[in-house]
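# Close look at the chain arrangement
So you can see what is in the structure, the chains are spelled out below.
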Amino acid sequence: MAGRHAWVVAMMLVPAAAQAVDLPSAESQAKMLDLMEQRALYRQAVDWQAVRADIARAHGDPARVRSLLDAAIQRSSKGHGRWLATDTVQLPVPLDAVPGAGTAAGRGGLPATLDRRLGWVAVERFSPALASSPAEQARQSVQRAVDLQRRVRDGDSSPRCGWIVDLRNNSGGNMWPMLLGVEPLLRIPGDGIQVLGMLRGAGPNVPWESHDGTLMVKGRPMLGFGQAGYRLREPGAPVAVLLGERTASSGEATALAFRGRPDSRSFGAPTAGFATSNSSIRLPDGTLFLLTDTLMADRNGVGDGGPIVPDQVTDGDAATLAAAQRWLLSQPGCVAQAKAAPRAG
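Every residue gets a number counted from 1 within its own chain, in the order that chain's sequence is written. Where totals are concerned, whole chains, interfaces and linings use all residues; where local detail is concerned, this predicted model gives features only for residues with pLDDT of at least 70, and gives and counts side-chain atom pairs only at 80 or more. The side-chain values count all of the structure's non-hydrogen atoms but skip hydrogen atoms and water molecules.

### Structural notes on the overall build of the protein
Spelled out, the test is: Working definition: helices are DSSP H or I runs of at least four residues, strands are E runs of at least two. Numbering for both runs from the N terminus. For every residue, the accessible area obtained with a 1.4 Å probe (protein chains only) is divided by the maximum for its type, and the residue is called buried under 20%, exposed over 50%, and partly exposed between those limits. Should any heavy atoms of two residues lie within 4.5 Å, those residues are considered in contact. Note on areas: Shrake-Rupley, 1.4 Å probe, and residue coverage restricted to the protein chains presented here.
Of regular secondary structure, the protein possesses nine helices and 14 strands. In the protein, which comprises 345 residues, the proportion classed as buried is 52%. Long-range contacts, defined here as pairs at least 24 residues apart, represent 76% of the contacts in the protein between residues at least 6 apart. Accessible area of the protein: about 14,900 Å², with a carbon and sulfur share of 53%.

### Looking at the state of the cysteines
Using the following cut-off: Any two cysteine sulfur atoms within 2.5 Å of one another count as a disulfide.
Scanning the entire structure with this criterion turns up one disulfide. Disulfide partner of Cys161: Cys334, at an S-S distance of 1.9 Å. Around the S-S axis, the bridge from Cys161 to Cys334 shows a dihedral of about 90° and counts as right-handed. In this pair, Cys161 sits in the loop between helix H4 (134-155) and strand S5 (162-166) while Cys334 sits in helix H9 (residues 332-340), placing the two residues 173 residues apart along the sequence. For the pair shown, Cys161 and Cys334 are each scored as buried.

### Digging into the sheet that holds strand S4 (residues 118-122)
In any sheet, the strands associate via hydrogen bonds between backbone groups, in a parallel or an antiparallel arrangement. Under the convention used in this document: Here, any two strands with at least 2 DSSP bridges between them count as paired.
Spatial ordering of the open sheet is given by S4-S5-S10-S11-S14, a layout of five strands whose pairing is parallel. Both outer strands of the open sheet, S4 and strand S14 (312-313), are each paired with one neighbouring strand and no more. Where S5 and strand S10 (residues 239-243) come together, four bridges link them in parallel fashion. Across the sheet, the residue bridging to Ile164 is Ala240, located in S10.

### Some thoughts on the nonpolar core
Short version of the rule: Throughout this description, the term nonpolar core refers to a set of buried Ala, Val, Leu, Ile, Met, Phe, Trp, Tyr and Cys residues connected via side-chain atoms within 4.5 Å.
Val165, Trp176, Leu179, Leu185, Trp208, Phe258 and Met296 are the most contacted members of the largest nonpolar core, which has 37 residues in total. Not counting chain neighbours up to four residues away, the residues in contact with Leu179 comprise Leu186, Trp208, Leu215, Ala253, Thr254 and Ala257. In this structure, Met32, Leu33, Ala40 and Ile55 belong to the second largest nonpolar core, which totals 21 residues.

### What about the environment of Arg153?
Within the fold, Arg153 resides in helix H4. Along the primary structure Arg153 and Leu232 are separated by 79 residues, whereas in three dimensions their C-alpha atoms are 7.5 Å apart.

### Comments concerning the pattern of salt bridges
Note the cut-off: By salt bridge we mean one thing: a side-chain nitrogen of Lys or Arg within 4 Å of a carboxyl oxygen of Asp or Glu.
Throughout the structure, instances matching the rule amount to 15 salt bridges. For Asp70, the salt bridge identified is with Arg66, shortest N-O distance 3.0 Å. Residue Asp70 and its partner Arg66 are located together in helix H3 (residues 62-77), separated by four residues, close to a single helical turn. According to the relative accessible area criterion, Asp70 is partly exposed, its value standing at 27%. The exposure class of Arg66 is buried, given its relative accessible area of 10%. Among the salt bridges present, the one from Arg168 reaches Asp317, with a minimum N-O distance of 3.1 Å. Placement of the pair is Arg168 in the loop between S5 and helix H5 (175-181) and Asp317 in helix H8 (residues 317-329), with a sequence separation of 149 residues.

Here it is, written out as structure tokens:
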């Protein structure tokens, strides 16, 4: 994300050549502990007085201090939060927590068995380069959204009675380019401003809104084209969303954006269970702390941060695609198209 919720997920890998233990400064450690105790989503799972006492006793043993900090972060975020040292390598997802992540090469390709009446778009994981300037990160994010809308536009070159959105290999990153990229499929005919999902924290729910080409939170633009985005030839066409155990965080946010949309249904396996959001906080020593402090919910405010169970659970990729197609082709638009031209594709 942009702004306060800059990245939904991130992963830290210490370079193999490093010998010293990466550790926040004492001031940054204190700041992290205060933030977690006050705001972490699962802060009640941690005895903060005991953690502080253990860290004080471990003074002089950097490896032990780091282990205690990591454990507190893991427990208070259920594995989603991270402390990122300045020399860490960024990945957009906690791959160790997502079984089989990254193994489905080519998952986003157009399936040979796809009915030609249906549109198809795969939404993969994405994060802008952390080392880039904010302006460059914004440029990269807009470009990803442009690329996704181009896929939708290209897939809409002939009449489509339904669409399939494949999120099975989307393990997270920055959710705004994903949502903006598939906005033509998320939008339903009606008002220019539409709620796509929500953040749920200690206060009132905070909606994510689509303003016809710009995504906004609390009146603040998060990502946009500066003009209206692509409009489908058949606005509001049914959408089948494919989910799996690799679908995580921003992938789950995208899934939630489709949940509650009229004429949408999900298929596949339960997701990874990282449907929570991180605030990106720069610490006094210049390192970055991703504080897990909110749940993600659908446009109706429903969401508990855990795995998203598909509307129809299926076993395996072939069964998932087949079930999605059967449902779409049974919808009125596809039935009418088949009657008009049974062999037109």
